[in-house]
Amino acid sequence: MTLVLLVILAIVVVFCVRDIRVKLITKPLFNYFKTSLPELSQTEREAMEAGSIWWDSALFSGKPNWRKWLSNDKPKLSDEEQAFIDNELHTLLKMLDEEKISEAQDLPAEVWQFLKEKGFFAFIIPKAFGGREFSAQANSTIVAKIASRSLSTAVTVMVPNSLGPVELLLHYGTNEQQNTWLPKLASGEALPCFALTSPEAGSDAGSIQDFAIVCEREFEGEKQIGLAVTWQKRYITLAPVADVLGLAFKVYDPEQLLSNKVELGITCALIPTAHEGVKTGDRHNPLGQAFMNGTTSGEDVFIPMAWVIGEEAGIGKGWRMLVSCLSAGRGISLPALSAGTAQLSARTTSAYAGVRRQFSVPISAFEGVQSALARIYGYSYLIEAVRQTTALAIDLKQSPSVVTAIAKYHLTEHARVALNDAMDIHGGKAIQMGEMNYLAHNYMGMPISITVEGANILTRSLMIFGQGATRCHPFIIKEMSIVQQDDQVIALKEFDEVLCKHLQHTSVNGLKAFFNGFTLARFERAPVSGDVALYYRRLTWLSQALSVYSDIAMLKLGGSLKRREMLSAKLGDVLSFLYIASCVLKKYEDDGRQQGDLPLVKFALDHCLNEASKAIYAFCDNFTVAPLAFLLKRLAFPVGKWVKAPSDKLAVQVCSNVSEHNSTRERISHLCAVVKHSAVDTVEHAYLLEKAHAPLMAKYRKWCKQNSMKLVGKTLNEKLSIAMDDKVIDDKSSETIFCIETLVAKAIAVDAKTPS
């Protein structure tokens, strides 16, 4: 006992007596941080400063304020936005036929005209310039509904409303540039594209080889300073039809006409595609999708300084512009495509599995099918929750780069799983191309969402934790700035103050994580009571664990952590699933705690908790050797990994609830466009009609089974006639059964072409 007291006393003295603490702890750590923590490059610093931190910071801190989280506004649409959806969007959806669009490899001329006239390219343009000035929520909702009907049209609509000329003009353009271009872009007179991706650099703006030389040349009859630009870009959506080209390139000033520096940095400009020297190259074929995508190039093309976004003041500001505007693509457009695809899968697969029969029962009754159905339903709920919440963040004037990266990566990946499950359940129907196949084009287009705005592998391994660890941590950025100061005496003093708070923060989170892991988080606080209260407690516990493991990783690996992409990706997964689960809980509250949705909520939350826990275990196993890894796991999991994946029982309950509660099914598929006489409408109509007459169909099919021998080779009409003779059904019932069976046959039919 005496020894324990002496050890405690020694620890207290070391940490509480400043001179001793500075000598034994602060100074060694200061020197270690100075050599191990990476010095922020200018591009990294600009990336950090361009975005904002939001709920991701709270999750990273180990102290998420759930009441504050739930107090955020509910996602909503204005009356004007809803009217647009009910009218203009409804009309557009009826005009679209993805099979014909795919065959023509272009949208019909009347669709292009309708999109321009009705302002589908002007969602983010203020009304003062003739735009719609819609919220991010409306923008996302509209793109998602279009994506469920025609992915090619959705991409065509989404691009002008995300990263591109409009976004850059609104944030960084001069008044003259805005007045010149925004009215034309709003009316559809000018169609924009934005060219970033180069053959050598992909989406890494820092590595682009496209360049401009500051020079003085004659332009429009007078000599002026401008840029001679050379570029070669590829994968540029809308490039083949664009009227104005947004372009990113590096600027060099060898004659120092603008400043005393030669390298001026990444710059963005707007160039009319009709301008001399601008070349619109060959068109790409992105997995058979019909949206316009191609190349653009130019060599020594002179542009006046007035075409640079922000004019001369915008020179070198392109990296900051791009980083701050990427949230639109990652936070609105790609989650919208994922939601549209997932909800198309949920709506059609629930219907198809209900009417497609094997061994005399609907395939939705088989547990193997239910396992896949539960994933489709649970992931659709999860995706919609993240879509709505992330769009809400942008409407709240946030620019959370980490959150939008999470949304982009995980929503596209979850949508891919949901769509694959839908393909499996549909079987042969899903692989025969034609107008009856409502999944094929989204299936072919899914890898495109995975690839754009930074490939998912890089988004996961570099961006989420790479930015999140530094940006969201309450102390790391301060410590990095302090150790880079010139005055080492002042720096050491400031470092000691921050370090004390940091150590206290980590110690408290470590103790809480251990206690909550030991008690299964039973004693942690929750902002609500009832069925989901335990999930708030467990998410708080995992938030504490993330905080501690992140500190351990950064302390040991320092700046090399960002090169240990496999490790940082695992910690990023923990942060990601904490955010996703937070969105699920918020949606459940915002929707008024619909009891029919509760199994879906539990399924999504169990999935998130399990994936986050698996990521922590995987991090520990790969961070250090086996004996130490075991001890490291016990920091947050003292009694082992007690968090489990969604159970089979829960999966069955999810399927049952979606089948029994039409309102629940509607909530997980409300973005799926059901256009009259379409293939989706056929399977939907068949499902609802059969469900409405379930007792009659059960009675008829039971009779068919009992009389199978005498019904062999009989047509449907003959079977119904015999059933009426046997007094099993009457005339009215016969008509109903005929209608249902005919619709079901059409719903499960596949396309076939007559040989030429």
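Here the structure is a predicted model, which is why all the values come from computation and not from measurement.

Cut-off values and rules
- Residues numbered from 1 in each chain as written.
- Predicted model: local features only at pLDDT ≥ 70, side-chain atom pairs only at ≥ 80, totals over all residues.
- Heavy atoms only, no water.
- Helix = DSSP H or I, 4+ residues; strand = E, 2+ residues; numbered from the N terminus.
- Rg over C-alpha atoms; globule rule 2.2 N^0.38 Å.
- Buried < 20%, exposed > 50% of the residue type's maximum accessible area, 1.4 Å probe, protein only.
- Contact = heavy atoms within 4.5 Å.
- Areas by Shrake-Rupley, 256 points an atom, 1.4 Å probe, with all protein chains shown as cover.
- Lys, Arg positive; Asp, Glu negative; His and termini not counted.
- Charge placed at Lys NZ, Arg CZ, Asp CG, Glu CD.
- Patch = residues over 30% accessible without salt bridge, like charges linked within 9 Å, V, L, I, M, F, W, Y side chains within 5 Å.
- Salt bridge = Lys/Arg side-chain N within 4 Å of Asp/Glu carboxyl O.
- Pairing = 2+ DSSP bridges.
- Core = buried A, V, L, I, M, F, W, Y, C linked by side-chain atoms within 4.5 Å.
- pLDDT = per-residue confidence, 0-100.
- Axes fitted to C-alpha atoms, helices over the stretch in contact; angles between N-to-C directions.
- Parallel < 35°, antiparallel > 145°, perpendicular 65-115°, else oblique.
- Left-handed = near helix turned anticlockwise from the far one by under 90°.
- Nonpolar A, V, L, I, M, F, W, Y, C, P; charged D, E, K, R; others polar.
- Phe/Tyr/Trp six-rings, centres within 6.5 Å; stacked < 30°, edge-to-face > 60°.
- Lys NZ or Arg CZ within 6 Å of the ring centre and 35° of its normal.
- Expected span 1.5 Å × (residues − 1).
- Disulfide = S-S within 2.5 Å.

**Digging into the overall build of the chain**
Inference 1: What the chain contains, in helices and strands, is 29 helices and nine strands.
Inference 2: Here the C-alpha atoms of the chain give a radius of gyration of 29 Å, agreeing with the 27 Å that 2.2 N^0.38 yields for 756 residues.
Inference 3: A burial count over the chain gives 57% of its 756 residues as buried.
Inference 4: For the chain, contacts bridging at least 24 residues in sequence account for 76% of all contacts bridging at least 6.
Inference 5: Of the roughly 32200 Å² of accessible surface on the chain, a fraction of 54% belongs to carbon and sulfur atoms.
Inference 6: Computed over 80 positive and 80 negative side-chain charges, the inter-centroid distance for the chain is 9 Å.

**Focus: the side chain of Thr682**
Inference 1: For Thr682, the location among the structural elements is in helix 26 (residues 679-692).
Inference 2: Residue Thr682 is classed as buried on the basis of its relative accessible area, which comes to 6%.
Inference 3: For Thr682, the residues in contact, after removing those within four places along its chain, are Leu743, Lys746 and Ala747.

**A closer look at the environment of Glu666**
Inference 1: Within the secondary structure layout, Glu666 lies in helix 25 (residues 662-667).
Inference 2: Classification of Glu666 as partly exposed rests on a relative accessible area of 34%.
Inference 3: Separated by 323 residues in the primary sequence, Glu666 and Gln343 place their C-alpha atoms 9.5 Å from one another.

**Notes on a nonpolar patch on the surface**
Inference 1: The grouping of Val625, Leu628, Phe630 and Leu631 at the surface amounts to a nonpolar patch, some 400 Å² of accessible area in total.
Inference 2: In this fold, Leu631 is placed in helix 23 (residues 626-636).

**A look at the pairing of strand 5 (residues 263-272)**
Inference 1: Within strand 5, seven of the 10 residues are buried, which leaves the element mostly enclosed by the surrounding structure.
Inference 2: Direction of pairing for strand 4 (residues 244-252) relative to strand 5: antiparallel, over a ladder of nine bridges. Residue Tyr252 lies in a different strand from strand 5, and its bridge partner there is Glu263.

**Looking at the pattern of salt bridges**
Inference 1: Scanning the entire structure with this criterion turns up 21 salt bridges.
Inference 2: Here Glu384 and Arg387 are joined by a salt bridge, their closest N and O atoms 2.8 Å apart. Here Arg387 and Glu384 lie together in helix 14 (residues 367-395), a separation of three residues that amounts to about one turn.
Inference 3: For Glu384, a relative accessible area of 0% puts it in the buried group.
Inference 4: You can call Arg387 buried: its relative accessible area is 1%.
Inference 5: The network of salt bridges with shared partners includes Arg347, Arg665, Glu666 and Glu684.

**Re unusual backbone geometry**
Inference 1: Non-glycine residue Lys397 carries a positive phi angle of around 70°.
Inference 2: With respect to the secondary-structure elements, Lys397 resides in the loop between helix 14 and helix 15 (401-426).
Inference 3: For Lys397, a relative accessible area of 75% puts it in the exposed group.
Inference 4: Look at Ala521: it is not a glycine, yet its phi comes out positive at around 60°.
Inference 5: Checked against the element boundaries, Ala521 lands in the loop between helix 19 (488-519) and helix 20 (533-557).
Inference 6: Residue classification places Ala521 among the buried residues on the basis of a relative accessible area of 1%.

**What to know about the nonpolar core**
Inference 1: Residues Phe120, Ile146, Leu227, Tyr377 and Tyr579 are the most contacted members of the largest nonpolar core, which totals 197 residues.
Inference 2: With 15 residues, helix 22 (residues 598-623) is the largest single contributor of residues to this core.
Inference 3: Residues contacting Tyr377, with those up to four places away along its chain left out, are Ala346, Ser350, Leu600, Val654, Cys655, Val658 and Ile668.
Inference 4: By size, the runner-up hydrophobic cluster in this structure holds 26 residues, among which are Leu169, Cys268, Trp319 and Cys325.

**What to know about the side chain of Ser338**
Inference 1: Looking at the secondary structure, you find Ser338 in helix 13 (residues 318-355).
Inference 2: A relative accessible area of 1% places Ser338 in the buried class.
Inference 3: Ignoring sequence-local partners within four residues, the contact set of Ser338 consists of Ile383, Leu411, Thr412 and Ala415.

**Details of the confidence of the model for the chain**
Inference 1: Per-residue confidence for the chain gives a mean pLDDT of 89; residues scoring 70 or more make up 91%.
Inference 2: Within the model, the stretch residues 3-14 combines pLDDT values under 50 with six contacts to residues more than four positions away or in other chains.

**Quick look at the packing of helix 15 against helix 17 (residues 456-472)**
Inference 1: For the pair helix 15 and helix 17, interaxial distance at closest approach is 9 Å and the crossing angle is 150°. By the angle between their directions, the pair helix 15 and helix 17 is classed as roughly antiparallel. For helix 15 against helix 17, the interelement crossing comes out left-handed. Together, Ser401, Val402, Ala405, Ile406, Lys408, Tyr409, His410, Thr412 and Glu413 of helix 15 and Asn456, Thr459, Arg460, Met463, Ile464, Gln467, Gly468 and Cys472 of helix 17 make up the contact between the two elements.
Inference 2: Residues that form the contact of helix 15 with helix 17 fall into these classes: seven nonpolar, seven polar and three charged.

**Some remarks on the packing of aromatic side chains**
Inference 1: Within this structure, the stated rule accounts for 22 aromatic pairs.
Inference 2: Through pairs of rings, three or more aromatic residues link up here, namely Trp54, Trp55, Trp66, Trp69 and Tyr536.
Inference 3: One cation-aromatic arrangement involves Lys184 over Trp181; the distance from NZ or CZ to the ring centre is 5.3 Å.
Inference 4: One Lys or Arg, Lys587, reaches over the ring of Tyr381 and ends 5.3 Å from the middle of that ring.

**Here's the deal with helix 14**
Inference 1: With 29 residues, helix 14 ought to run about 42 Å at 1.5 Å a step, and its terminal C-alpha atoms sit 42 Å apart, in line with that.
Inference 2: Of all 29 residues in helix 14, 24 are buried, a share of seventy percent or more.
Inference 3: Looking at the residues trailing helix 14, positive phi occurs at Lys397, about 70°.

**Things to note about the state of the cysteines**
Inference 1: Taken as a whole, this structure holds zero disulfides when the rule is applied.
Inference 2: Looking at the unpaired Cys739, the closest cysteine sulfur is the one in Cys704, lying at 17 Å.
Inference 3: Judged by relative accessible area, which is 34%, Cys739 ranks as partly exposed.

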